[in-house]
Amino acid sequence: MTDIPISIAVEDPLSEAILREMLKQTKRPFSIGKCFCRGGYGHLKNLIPGLNQAASGMPYLVLTDLDKAECPLAIISTWLTQPRHPNLIFRIAVKEVEAWLLADREAFAKFLGIAINLIPVDIDGIPDPKQCLINLARKSNKRDLRKGIVPEQNSTAKIGKDYNGQLIPFVRTHWQVATAQLNSPSLQRAMSALITFQPTWEGQEN
């Protein structure tokens, strides 16, 4: 089976880990090249027009969060002023990538050591998935998880000091996309895009 080359662009290391695991769990022969992972939302927005142009020679997978935008189409129309190249896969997590982690409800509840019914069922409807995740971590009886994920008391930080360090191993060893996508339509759409993707090369006959 011929490898499918692809490079990725994300806002942060957690998003990178999630995309790498999604590509792996498609069971397709994706071969990941470069990863653009710095500068957050703003840098990614500035980067995407160039990636869209470069996609003629290399497929790119871009992931960002919906956050407070009205809908994914609002982000796509703002970020991409030129037609999207077929080799550019642009996916938007509703409303943040943390929702996709919470969507594997049983695995995440076991990871934190909490009851599964504490995790909302309507994952894509969670207003602030990151804060929801942090609040769930406060209930964990696992001290290292609490200390790493939850911001220190009286701190102005929005996340704990080892937020990514605690969550990335969960992504790599416990998170199952097949289960999670049953609870998150936005994740299901993203996986469908990866599973059905066929790169288009310049000069290739139709």
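The omega torsion across Val94 and Lys95 is -10 degrees, close enough to zero to call that bond cis. Mapped onto the fold, Lys95 is located in the loop between strand 4 (88-93) and helix 4 (97-102). Phi at Lys27 takes a positive value of approximately 70 degrees, unusual for a residue other than glycine. On the secondary structure map, Lys27 appears in the loop between helix 1 (13-25) and strand 2 (30-37). A positive phi angle is found at Asn154, which is not glycine, with a value near 70 degrees. Looking at where Asn154 falls in the secondary structure, it is placed in the loop between helix 7 (143-149) and helix 8 (163-173). Judged by its relative accessible area of 77%, Asn154 is exposed.

All right, on to helix 5 (residues 105-112) then. In terms of residue burial, helix 5 counts as a mostly covered element, since six of its eight residues are buried. Within the sequence span of helix 5, burial applies to Arg105, Ala107, Phe108, Ala109, Phe111 and Leu112. Looking at the buried side of helix 5, the elements it contacts are helix 4, helix 6 (129-138), helix 7 and helix 8. Remark: Gly113 follows helix 5 within two positions and exhibits a positive phi of approximately 75 degrees.

The biggest cluster of nonpolar side chains holds 51 residues, and the ones touching the most others in it are Leu14, Ile18, Met22, Trp100, Leu102, Phe108 and Trp175. Those residues in contact with Trp100, other than ones at most four positions away along the chain, are Ile18, Met22, Leu63, Ile92, Ala93, Val94, Trp175, Ala180, Ser184, Ser186, Leu187 and Ala190. Membership of the second largest hydrophobic core comes to 15 residues, among which are Leu44, Ala55, Val62 and Leu88.

Before going further, it helps to examine the packing of helix 1 against helix 10 (residues 185-196). Their axes nearest at 10 Å, the elements helix 1 and helix 10 cross at an angle of 55 degrees. Judged on the interaxial angle alone, helix 10 and helix 1 are oblique. Between helix 1 and helix 10 lies a crossing whose hand is right-handed. On helix 10, the residues that touch Met22, Leu23 and Gln25 of helix 1 are Leu187, Ala190, Met191 and Leu194. Looking at the contact of helix 1 with helix 10 residue by residue, the class counts come to six nonpolar, one polar and no charged.

Another point: the pairing of strand 4. Counting buried residues along strand 4, five of its six residues qualify, which places the element largely inside the surrounding structure. Here six bridges tie strand 3 (residues 60-65) to strand 4, and the two strands are oriented parallel to one another. The partner of Thr64 across the bridge, within strand 4, is Ile92. The β-α-β motif built from strand 3, the intervening helix 3 (residues 72-79) and the parallel element strand 4 has right-handed crossover chirality.

Time to look at the packing of helix 1 against helix 8. The interhelical angle for the contact between helix 1 and helix 8, taken along N-to-C directions, is 5 degrees, at an axis separation of 9 Å. By the angle class used here, helix 1 and helix 8 are roughly parallel. When helix 1 is examined against helix 8, the residues Pro13, Leu14, Ala17, Ile18 and Glu21 are found in contact with a partner set consisting of Tyr163, Asn164, Leu167, Ile168, Val171 and Arg172. Here the residues of the contact of helix 1 with helix 8 sort into eight nonpolar, one polar and two charged.

Right, let's talk about the packing of aromatic side chains for a bit. In the structure shown here, the tally under the stated rule is six aromatic pairs. Ring centres 6.3 Å apart and planes at 40 degrees place the aromatic pair Phe36 and Tyr60 in the tilted group. One end of the pair, Phe36, is in strand 2; the other, Tyr60, is in strand 3, with 24 residues separating them in the sequence. Here Phe36 falls in the partly exposed class, since its relative accessible area comes to 26%.

Here we take up the environment of Gly125. Tracing the sequence through the fold places Gly125 in the loop between helix 5 and helix 6. Put simply, Gly125 and Pro86 are 39 residues apart on the chain and 29 Å apart in space, counted from C-alpha to C-alpha.

Another aspect to go through is the sheet that holds strand 4. The sheet built from four strands is open, its strands ordered 2-1-3-4 with parallel pairing. Either end of the sheet is taken by a strand with one partner, and the two such strands are strand 2 and strand 4. Across the sheet, the axes of successive neighbouring strands diverge by a mean angle of 20 degrees, strand direction being ignored. With three bridges joining them, strand 1 (residues 4-10) and strand 3 adopt parallel strand pairing. What sits directly across from Ser7, in strand 3, is Tyr60.

Quick notes on the rules
- Residues numbered from 1 in each chain as written.
- Predicted model: local features only at pLDDT ≥ 70, side-chain atom pairs only at ≥ 80, totals over all residues.
- Heavy atoms only, no water.
- Helix = DSSP H or I, 4+ residues; strand = E, 2+ residues; numbered from the N terminus.
- Buried < 20%, exposed > 50% of the residue type's maximum accessible area, 1.4 Å probe, protein only.
- Contact = heavy atoms within 4.5 Å.
- Core = buried A, V, L, I, M, F, W, Y, C linked by side-chain atoms within 4.5 Å.
- Axes fitted to C-alpha atoms, helices over the stretch in contact; angles between N-to-C directions.
- Parallel < 35°, antiparallel > 145°, perpendicular 65-115°, else oblique.
- Left-handed = near helix turned anticlockwise from the far one by under 90°.
- Nonpolar A, V, L, I, M, F, W, Y, C, P; charged D, E, K, R; others polar.
- Pairing = 2+ DSSP bridges.
- Right-handed = clockwise from strand over helix to strand, strands pointing away.
- Phe/Tyr/Trp six-rings, centres within 6.5 Å; stacked < 30°, edge-to-face > 60°.

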